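Structural characterization, general
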Amino acid sequence: MPWKECNAMDERLRLVARLLDGEKMAAVCREFGISRKTGYKIFHRYKNIGIEGLQDRSRTPYRYANKLPFQVEKTILSLKQDYPNWGAPKIRDKIIKAFPMIKLPAKSTIHAVLDRNGLVRRRRRRRYKATGTDLSDAKSPNELWCADYKGEFRLGNKMYCYPLTVTDYRSRYLLACEALESTQEFHAFNVFERVFKEFGLPAAIRTDNGIPFSCPHTLFGLSKLSVWWLRLGICIERIKPGHPQQNGRHERMHLTLKKETTIPSAYNFLQQQERFDNFIEIYNNDRPHQSLDGLYPGELYTPSARDYRTPEHPEYPFHDRTVLVTHCGRICIGKRKISLSRVFAGQYVGVTEIADDIWLVSFMDYDLGFFDNEVNRVEPVGENPFAPKVLPMSPV
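Overview of the structure. Keep in mind the model is a prediction, meaning the values are calculated, not measured.

**Regarding a negative patch on the surface**
A surface patch of like charges, here negative, comprises Asp320, Glu353, Asp356, Asp357 and Glu374. For Asp356, the position within the fold is in the loop between β10 (348-355) and β11 (358-363). Residue classification places Asp356 among the exposed residues on the basis of a relative accessible area of 72%.

**Some words on helix α1 (residues 8-20)**
In this model α1 runs 18 Å from its N-terminal to its C-terminal C-alpha over 13 residues, within 8% of the 18 Å that 1.5 Å per residue would give. All buried positions along α1 are accounted for by Met9, Arg12, Leu15, Val16, Arg18 and Leu19. Close packing links the buried residues of α1 with α2 (25-32) and α3 (36-49).

**Regarding the packing of α1 against α3**
Direction vectors running N to C along α1 and α3 enclose 85 degrees, while the axes themselves pass 10 Å from each other. Comparing the axis directions of α1 and α3 gives the class roughly perpendicular. When α1 is examined against α3, the residues Arg12, Leu15, Val16, Leu19 and Leu20 are found in contact with a partner set consisting of Gly39, Ile42, Phe43 and Tyr46. Its residues assigned to classes, the contact of α1 with α3 comprises seven nonpolar, one polar and one charged.

**What to know about helix α10 (residues 269-285)**
Across its 17 residues, α10 extends 24 Å between first and last C-alpha, which sits within 8% of the 24 Å expected from 1.5 Å per residue. Residues Phe269, Gln272, Gln273, Phe276, Phe279, Ile280, Tyr283 and Asn284 constitute the buried set of α10. The buried residues of α10 occupy an angular sector of 115 degrees when the element is viewed end-on, so they sit on one face. Exposed and oriented more than 90 degrees from the buried face of α10 are Leu270 and Glu274. In this fold, the buried residues of α10 make contact with β2 (153-154), β3 (160-168), β4 (174-180), α9 (248-261) and α11 (297-300).

**Some details on the packing of α1 against α2**
Contact pair α1 / α2: the axes reach a minimum separation of 10 Å and the direction vectors enclose 155 degrees. Between α1 and α2, the interaxial angle falls into the category roughly antiparallel. Judged by the twist between their axes, the crossing of α1 over α2 is right-handed. Mapping the contact onto sequence places Glu11, Arg14, Leu15, Arg18 and Leu19 in α1 and Met25, Val28, Glu31 and Phe32 in α2.

Conventions and cut-offs
- Residues numbered from 1 in each chain as written.
- Predicted model: local features only at pLDDT ≥ 70, side-chain atom pairs only at ≥ 80, totals over all residues.
- Heavy atoms only, no water.
- Patch = residues over 30% accessible without salt bridge, like charges linked within 9 Å, V, L, I, M, F, W, Y side chains within 5 Å.
- Areas by Shrake-Rupley, 256 points an atom, 1.4 Å probe, with all protein chains shown as cover.
- Salt bridge = Lys/Arg side-chain N within 4 Å of Asp/Glu carboxyl O.
- Lys, Arg positive; Asp, Glu negative; His and termini not counted.
- Charge placed at Lys NZ, Arg CZ, Asp CG, Glu CD.
- Helix = DSSP H or I, 4+ residues; strand = E, 2+ residues; numbered from the N terminus.
- Buried < 20%, exposed > 50% of the residue type's maximum accessible area, 1.4 Å probe, protein only.
- Expected span 1.5 Å × (residues − 1).
- Contact = heavy atoms within 4.5 Å.
- Axes fitted to C-alpha atoms, helices over the stretch in contact; angles between N-to-C directions.
- Parallel < 35°, antiparallel > 145°, perpendicular 65-115°, else oblique.
- Nonpolar A, V, L, I, M, F, W, Y, C, P; charged D, E, K, R; others polar.
- Arc of directions from axis to C-beta.
- Left-handed = near helix turned anticlockwise from the far one by under 90°.

Bear in mind that shape data such as this cannot, by itself, settle questions of function.
This is the structure in structure tokens:
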């Protein structure tokens, strides 16, 4: 039997019909689950207007308490048409001089009026487009590490596995191969922290432009992971998008890893990690490598002399001030909140005025961008995210 549908209009008609049949208001309202006040209101609307009185009425208020008078709005639009290059601040100043007796609207209100009438030309923000960086050819261990996620695959229990691998560029030594549940940053943080503690710090790390190594929506594609590497004094190398051959040594290792550990895959993460651990031991110490003249990677690799330790907060003696970026990625100066990026949350940046009302924001040895008095957002500077700072952190 199909469901019987009803709506508010049908219910009101039924209520009125029963009242017209002579039933008591209290009993009918009790059955319909409404108050007698509401019942009388519906009944009086029917008697005064008819069936149209039972329709839903608009809930839009008759007037808004803080609505801008139409005369003022008309003046704003007229000024904008006469002076199309004027913005909200100039229009407001003009209204102050022309009509000093009226209550002045805020600049944001004037901007909203202009925007509502299509008189605001929105500036398109430049979005970071990954292009890769200069790549080095390391000649000794720990000058360059390579990191990447081998393509995900499904385990026997139907869960997906995302292996994170780290190798030394020169010796091909496999530093880590961890079976992870996703590519989220906190998993990668744990893996790299363990590797840094065991093998020390490299001079640079080469990755692709994917998450969590890079983020397409932030300044220069930086991520929290890459910002952490910069804090540790590790340079960042990125291959060009669509050019995996620039990380060819690492990709070749992935092919061997796939053949020997994932076809077929294990049932769960523990079993798959056991396969990865056995592969690391064989790959590093038992498998001769043709490009190494038959040597094992373990015969060439030695741990880094740079020990891992929590980095000190950067100092900016040549900047006007040092500011701690908030958890929401903003720089707070007085009452102003300038949007930077959440990847810098909890980091200290340097701010200095380089021209009248124009400030430069720097992080460690890198310039990030500028902001001014008008826009509360840091606009990126330059094309190279790793260009040296104009103002060094120290005279050395």
